[in-house]
Structure formats: C-alpha cells, structure tokens
Amino acid sequence: MSSDKLPILSEEQVTAGEDDPDTVKFQELPPPYSEKDEHDRELGSPVPKQDSVESADLPLLMVYTRRWYILGLFCLLACHQCIVWNTWGPIETGVQFAYGWSNSTAPMMANWGTIMFCISVVPLSKLVEYDVRTTVLLVSGMIALGTVLRCCRLVTHNPTVFLVSCHLCAILNGISGVTIMAAPPLISSQWFPPGERTLATSINLASNMLGNGLSMFLGPALVHLTSNTTGNTSTTSLHFTSYQLTPNVTNGTSQSAVRHDIDTYMQIHAGVAVFLFGLFFIYFPSKPPHPPAPSSAIERTEFWAGIKALLSNRNVLLACFAYSVSQGVMGSWLGVLVNNFRPLGVTDQQIGLMGLFSVIGQCCLSMCFGFITDRLKNCMKLILLLFLVLATGAFVWLMLMCLQVVPHSLTSLYTAVILATSINFSCIPLFFEMTVEIAYPVNEGLVGGFLTAFYNFTGIIFFFLFFIPNIGYVWINYLLVASTALAIPAVLATKETYNRSNVDEVALNTNS
C-alpha cells in the first residue's frame, strides 16, 4: 500500500464475499452502485446521489498526503493574487512621482477587484462547480497574463500604454479574486477529512490576507524614493495605507530611476505568476482519486437550484448577514484607518506598521483557532459568539481612545487594533465552514461565492458613505463597534446544524 494514503476502507473489504462478517454492514448500505457508478468509481470519480443520509453509498475513502501540496500551491496563488491587487497602495507616492498619476488612479486599481467580483461571481462560481482544475488554470492564467502585460515597458516606454496595461492587470486580477475567495471551503471538502477542514480553510484564507502584509514591504523595499520631508500621502485601497515619503524633486531620486525600480517590481510579479501557472498546469487535479469522507463523494445540488436553496434558507441568510457585516466593514476600514489615527498624532509609517502587525496577528490566530475548532465538534456557533463579543469589546476600547474619552498611547492603540482585527478575522473560516454545513448539499464553492459577494457589497456601501457631504470620520468608530455587535444577534438566531458532518458520521458508524 502506498505510504501517502491512509485508507479508511480497504479494497479487500469492498470486494470481500457476502459471508464475510467484516463487510456485512457495508453491504447493507442501500442502494448498490449501478454499472455507471461502478465505472465512475474505478476512474476515481465516485459521485453517488443523496436523497437522505440513509441512502448514501459509501465508496472507498482515502486521505492523501499530497493534499498539503494542493493546499500549499493554492495558498501561494492566493497570497500572490493579493500582492498583485495591493501593488500600488504602498508605492503610490513613487508611481505618482514617476508617471504623474492622479490621486484617484492607484485607488481605482484596487477598486477594480470589487467591481470585477460583482460582475464575474456567477460565471466563475458555476465553472468551479463544473471543474476545479479548469477554473484554477483560468484564474492563474489571468493573473499571469495581467502581470506580464504590466511589463510592457520592455517593448515601449509610452506612459499611456503602461497605465492601460496596469488597468487591464487589475481587471484580470480582480476576476481571479472570485475563485481565490470562494474556493477554500471547496478544496477543504474535496481533499481533507472532517477533522482538518476548518484548519485547511483557515490556512487558505490567511494566505490571501498575508499577501497584504507582504506587499507593504515588497513595494517600498524595491521602489526607492529619496526624500527629505515626511508627507501625508495615503492610499484608499481596501486594506492598507502607504507610508512613503513625499519626493524632493530637486535633490531626490530621478524619475528614470524610480521607473526602473517599478519595472523591476513588475517583472518580479510576472515571474512569480508565470511560475505558479506552470505548477498548476503540471499538476493540480480537480479532486483526489478517492474522497476523504463520505460527504465528499456525494453529488452536490445543481447550481441554480443551489442559489435558490441559499436564498430560501433563513439560517444561511442570517449567517451571511453576520459574516458580511462583521468582516466587510473591518476589511474596508483597514484601508482608511489612517483617518482614525492621524488626529491622535500617529504618523503614516506607524499606521502602516500597525496594519502589517494586524495582518500577522490575523493569520496566526485564525490558523490556531481553525486547528482547535476541528477538535471541538459542533461548537462553531459558540466559538463565533465568543469571538464576536471579544472583538466588540476591543473595538469599543479602540473607539474610546480614538474619541479621546480614555487616555491612549501608541502601545495601547497597537494592542487594540491587533486584538480587534485578529479576533474578528478568526471568525471568517468559522463562518465559511458553518454556512457550508447548514447549506449542505449545496456546492461549497457556491456557498463561498455567495458569502464573499455580500462581503464585497458591504464594502461598497462602506465606501459610498464617504461621499456624504460633511460626514467627517468620527462615524467610522461607531460603525466598527456596530458591525460586530449586530452580528451577535444574527448568530444567536442562526440554527446550528451540521448536515455534512452528520452524513460522514452516520455513514462511517454504519460501516463500523
């Protein structure tokens, strides 16, 4: 037997005679495979249909070591997609100096992500349900194509051509964000056993967030801009503020030197993206030859029927509301948190580092609690409530400091931001997995796309509020507290069901 497989049910048991007492219980599982199902099983694609838990067939179950390679490769793509998405925020001052971009150009590059998500969420959610490999090849190819287009200065030095190529890259990269955000629970379901699903989803989502933190250092490290005075330049991209310095045109770096640095940065992005596309092309199957759990082998609800099921399921809608409000507001706020802290005398560089440390905290804490949640069965709702209460408390503390109701220091501001964002972000994989359990047998990729669509919609509403005349910035503090506080009653009202886990438990207990 291959060392990279951990069989739950051996082939000898499956083919044993009817009188073998070790296989009698398995043989009692109705209905038997049809000839087509048996042929599909031999090809490694068992797709029994489920009308009820009792009618589910139990195919050969195996857990493959290569699942970690599949997860790791997709995590690299998720991380790089976010780095490409946040290319211009950390170097906005440099690109404005080198190419004369307006204050709205760099933010628009980031905002293409939200726009294209809303446009492409339905077709890509449908495609990932049909074939994961084709979808991932498509989106990784889009990222590779977009980043290669930004290397156009190898052919022409026309600034307009470069600007157009940057917009095209942002559009293609934005389309790929649908699969990057929606596929994690699908990959977890198809490759990982029930005891590792939440951890796998946590790692996937944390990798995408890690791209934000890496872009904060990669950009300023590669695009050098000599200056003598600290400026106030900031970006309104969704996650971070730039802490670059305002250039001194007389004594600072020349435009040609900054353009050369930007070219180098673009070429690195393109090289990584093309390399990842090559790895996906070489090996990235849609699913393993044999499923890791009984529920992984069961055919999912048809796409349009799945959308109808999601929209008519009260518990799914409550979970979606809690997720989109609590996470959509915070995710958008991370891009404009400079407005909360500048009145307190915090510099742009300190705010940038604050954002970076919060990302690191979010990644570490979410993965830790993803691991713990896998070992605490049927406790997702309780853990979510605990996290939301703690996050609300941390945001209240932060609000009181920003309003100068209580004394503040740089250390206390760092602590409050890191605690609030890390605890709140740890809810994301739990929301994904709990909603998948409630909505089962709706396809996991469709559930992920459904949640992320409302997340982006919340972000759009958040940014539209800034267009209200004379609204100021104080309201942001109250909205942060309200976002997690409103999610608490929604989670309380959600009926916690574990439909997918019950299928696995019943099938395995029947065969034990």
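Basis of the calculations
Residues numbered from 1 in each chain as written. Predicted model: local features only at pLDDT ≥ 70, side-chain atom pairs only at ≥ 80, totals over all residues. Heavy atoms only, no water. Helix = DSSP H or I, 4+ residues; strand = E, 2+ residues; numbered from the N terminus. Buried < 20%, exposed > 50% of the residue type's maximum accessible area, 1.4 Å probe, protein only. Contact = heavy atoms within 4.5 Å. Areas by Shrake-Rupley, 256 points an atom, 1.4 Å probe, with all protein chains shown as cover. Salt bridge = Lys/Arg side-chain N within 4 Å of Asp/Glu carboxyl O. 1 Å grid on protein atoms, 1.4 Å probe; cavity = no way out; pocket = protein on both sides within 12 Å on 5 of 7 lines; lining within 4 Å. Points joined across faces, edges and corners; volume = space filled by probe spheres on them. Nonpolar A, V, L, I, M, F, W, Y, C, P; charged D, E, K, R; others polar. Axes fitted to C-alpha atoms, helices over the stretch in contact; angles between N-to-C directions. Parallel < 35°, antiparallel > 145°, perpendicular 65-115°, else oblique. Left-handed = near helix turned anticlockwise from the far one by under 90°. Polar contact = N/O pair within 3.5 Å; in protein donor to acceptor, adjacent residues only side chain to side chain. Core = buried A, V, L, I, M, F, W, Y, C linked by side-chain atoms within 4.5 Å. Patch = residues over 30% accessible without salt bridge, like charges linked within 9 Å, V, L, I, M, F, W, Y side chains within 5 Å. Phe/Tyr/Trp six-rings, centres within 6.5 Å; stacked < 30°, edge-to-face > 60°. Lys NZ or Arg CZ within 6 Å of the ring centre and 35° of its normal. Expected span 1.5 Å × (residues − 1). Disulfide = S-S within 2.5 Å. pLDDT = per-residue confidence, 0-100.

Trainee: Looking at this structure, I do not really get the overall build of the protein chain. What am I missing?
Mentor: Along the protein chain, the regular secondary structure elements total 21 helices and two strands. When the 512 residues of the protein chain are sorted by exposure, 57% land in the buried category. Excluding contacts between residues fewer than 6 apart, the proportion of contacts in the protein chain whose partners are at least 24 apart in sequence is 84%. Only carbon and sulfur atoms are counted for the fraction: they give 66% of the accessible area of the protein chain, which is about 20800 Å².

Trainee: Would you mind showing me how to read the pattern of salt bridges here?
Mentor: When their charged atoms lie close together, side chains carrying opposite charge are able to pair. Taken as a whole, this structure holds eight salt bridges when the rule is applied. Glu433 is the salt-bridge partner of Arg500, the closest N and O atoms lying 2.8 Å from each other. Residue Arg500 is located in helix H21 (residues 499-511), and its partner Glu433 is located in helix H18 (residues 427-439); the two are separated by 67 residues in the primary sequence. Looking at Glu433, the relative accessible area reads 1%, which means it is buried. One salt-bridge network, held together by shared partners, links Arg300, Glu433, Glu437, Glu444 and Arg500.

Trainee: Would you take a moment to explain empty space enclosed by the protein for this structure?
Mentor: A probe matching the size of a water molecule, rolled over the atoms, marks out where space remains unfilled. Taken as a whole and judged by the stated rule, the model has three cavities of 30 Å³ or more. For the largest cavity, the full set of lining residues is Val84, Trp85, Trp88, Met109, Arg150, Cys166, Cys169, Ala170 and Asn173. Of all the secondary-structure elements, those providing two or more residues to the lining of the largest cavity are helix H4 (67-85) and helix H8 (159-182). Sorting elements by how many residues they give to the lining of the largest cavity places H8 first, with four residues. By residue class, the composition of the lining of the largest cavity is seven nonpolar, one polar and one charged.

Trainee: What's the story with the packing of helix H13 (residues 314-333) against H18 in this structure? I'm lost.
Mentor: In helix packing, the relevant descriptors are the interaxial angle and the interaxial distance, both defined with respect to the helix axes. In contact at an axis separation of 10 Å, H13 and H18 are set at 165° when each is read in the N-to-C sense. Compared by their axis directions, H13 and H18 come out roughly antiparallel. Where H13 crosses over H18, the two elements pack in a sense that is left-handed. Contact residues: Asn315, Val316, Ala319, Ala322, Tyr323, Ser326 and Gln327 in H13; Cys427, Ile428, Phe431, Phe432, Met434, Thr435, Ile438 and Ala439 in H18.

Trainee: Explain the environment of Phe321 to me, please; I cannot follow it from the model alone.
Mentor: Tracing the sequence through the fold places Phe321 in helix H13. Phe321 sits 134 residues away from Tyr455 along the chain, and the two C-alpha atoms are 8.8 Å apart. Beyond its immediate chain neighbours, meaning those up to four positions away, Phe321 contacts Leu486 and Ala490.

Trainee: Is there a simple way to explain unusual backbone geometry in this structure?
Mentor: Residues apart from glycine generally show negative phi values, whereas peptide bonds are mostly found in trans. A cis amide bond links Tyr440 with the next residue in sequence, Pro441, at an omega value of 15°. Turning to its location among the elements, Pro441 is positioned in the loop between H18 and helix H19 (444-464). The backbone phi angle of Asn470 is positive, close to 60°, even though this residue is not glycine. Mapped onto the secondary structure, Asn470 falls in the loop between H19 and helix H20 (474-493). Asn470 gets classed as exposed once you look at its relative accessible area, which sits at 82%.

Trainee: Please clarify how the side chain of Thr494 should be interpreted in this entry.
Mentor: With respect to the element layout, Thr494 can be found in the loop between H20 and H21. From its side chain, Thr494 meets the backbone oxygen of Ala490 in a polar contact 2.7 Å long. Leaving out residues up to four positions away in the same chain, Thr494 has contacts with Asn315, Leu318, Ala319, Lys381, Met434 and Ile438.

Trainee: Looking at this structure, I do not really get the nonpolar core. What am I missing?
Mentor: Most often, soluble globular proteins keep nonpolar side chains buried together rather than apart. In terms of nonpolar packing, the biggest core is built from 70 residues, with Leu310, Trp333, Phe341, Phe395, Leu398, Leu413 and Phe431 touching the most fellow members. Per-element tally for this core: the top contributor is helix H16 (residues 380-402), with 13 residues. Sequence-distant contacts of Trp333, that is, excluding residues within four places in its chain, are made with Asn340, Phe341, Phe395, Leu398, Val417, Thr421, Phe462, Ile476 and Leu480. With 59 residues, the next largest nonpolar core counts Val136, Cys151, Ile203 and Val258 among its residues.

Trainee: What am I meant to see in a nonpolar patch on the surface here?
Mentor: There is a patch of nonpolar side chains on the surface, built from Tyr69, Phe281, Ile282 and Tyr283 and spanning about 440 Å² of accessible area. Checked against the element boundaries, Ile282 lands in helix H11 (residues 255-282).

Trainee: I tried to follow the packing of aromatic side chains on my own but got confused; where do I start?
Mentor: Both the distance between ring centres and the angle between the ring planes are used here to describe each pair of aromatic rings. Counting across every chain of the model gives 16 aromatic pairs. Seen in terms of ring centroids, Phe280 and Phe284 are 5.0 Å apart; in terms of plane orientation they differ by 70°. Their pairing is edge-to-face. According to the relative accessible area criterion, Phe284 is buried, its value standing at 2%. Through pairs of rings, three or more aromatic residues link up here, namely Trp88, Tyr99, Trp101 and Phe162. Its guanidinium or amino end placed over the ring of Phe371, Arg375 lies 3.8 Å from that ring's centre, counting from NZ or CZ.

Trainee: Can you help me understand helix H17 (residues 410-425) in this one?
Mentor: The α-helix winds at 3.6 residues per turn, so residues separated by three or four positions along the chain end up facing the same way. The end-to-end C-alpha distance of H17, which contains 16 residues, comes to 22 Å, matching closely the 22 Å that a straight helix rising 1.5 Å per residue would cover. Taken together, the buried positions of H17 are Ser412, Leu413, Tyr414, Ala416, Val417, Ala420, Thr421, Ser422, Ile423, Asn424 and Phe425.

Trainee: What is the right way to read the state of the cysteines from this model?
Mentor: Where two cysteines share a covalent bond between their sulfur atoms, that bond is called a disulfide. As enumerated under the stated definition, the model contains zero disulfides in all. With no disulfide of its own, Cys169 lies 7.2 Å from the sulfur of Cys166, the closest cysteine sulfur.

Trainee: Help me out: how do you make sense of the environment of Tyr64 in this one?
Mentor: On the secondary structure map, Tyr64 appears in strand S2 (residues 62-64). A residue is classified by how much of its surface remains accessible, and Tyr64, at 1% relative accessible area, is buried. When the C-alpha positions of Tyr64 and Pro193 are compared, they lie 9.7 Å apart, and in sequence the two are 129 residues distant. Here the side chain of Tyr64 touches His290 through a polar contact of 3.3 Å, landing on its backbone nitrogen.

Trainee: Teacher, can you tell me more about the confidence of the model for the protein chain here?
Mentor: Atomic detail in the predicted coordinates should be set aside for any region of low pLDDT. The predicted model of the protein chain averages 80 in pLDDT, with 82% of residues at 70 or higher. Per-element mean pLDDT across the protein chain ranges from 36 in helix H2 (residues 24-27) up to 95 in helix H7 (residues 132-149). Predicted confidence for residues 1-56 stays below pLDDT 50, and this span has 88 contacts to residues more than four positions away or in other chains.

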